[in-house]
Amino acid sequence: MQADRRTVNKFIMRGAWLRSKEKEEIIMTLSMKEKKILYAYGCPSHHNTVTRLKWLTALTVDPEAKRRMLGLARKVETEVGENWYEDFYHHLRMEMDEYRRLKRSLHVLKSYTDYEEDLYEEAV
């Protein structure tokens, strides 16, 4: 349960319609695996991304992976409209770029920490 809370984020975007001046809120929940798939195979075009995800679903052999890919394709197609998708895509790219940068920093930090612990054990 704790792991699920860490891996699922909500994308919330607020915007104003030009005609009605009412605010619209789009909420889409993505797992980290889904974000990685969209980072790798998504593009700023809503139609092209959905089409690409459906083609990837058709090419996937594993039934579990196929079910997840089709679920992601349907989620992107139904929960994010074409007019908001480009902003969603750029937000996702920024978030995943930051995630990868932090992951590299953590890896470097762990490599230095392991080295220092080895020195400490030798001294004791």
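Let us look at the structure shown here. Please read these numbers as outputs of a predicted model, since none were measured by experiment.

Quick word on the pattern of salt bridges
As a working rule, side chains carrying opposite charge can pair if their charged atoms are close by. A full pass over the atoms with the stated rule returns 6 salt bridges. In this structure, the salt-bridge partner of Glu-34 is Lys-75, at a minimum N-O distance of 3.2 Å. Pair noted here: Glu-34 is in helix α2 (residues 32-41) and Lys-75 is in helix α4 (residues 63-79), with a separation of 41 residues, a long-range link. According to the relative accessible area criterion, Glu-34 is buried, its value standing at 16%. Assessed through its relative accessible area of 18%, Lys-75 is described here as buried. For Glu-64, the salt bridge identified is with Arg-67, shortest N-O distance 2.5 Å. One end of the pair is Glu-64 and the other is Arg-67, both in helix α4 and 3 residues apart, which spans about a single turn. Looking at Glu-64, the relative accessible area reads 35%, which means it is partly exposed. By relative accessible area, Arg-67 is classed as exposed at 51%.

The rules behind each value
- Residues numbered from 1 in each chain as written.
- Predicted model: local features only at pLDDT ≥ 70, side-chain atom pairs only at ≥ 80, totals over all residues.
- Heavy atoms only, no water.
- Salt bridge = Lys/Arg side-chain N within 4 Å of Asp/Glu carboxyl O.
- Helix = DSSP H or I, 4+ residues; strand = E, 2+ residues; numbered from the N terminus.
- Buried < 20%, exposed > 50% of the residue type's maximum accessible area, 1.4 Å probe, protein only.

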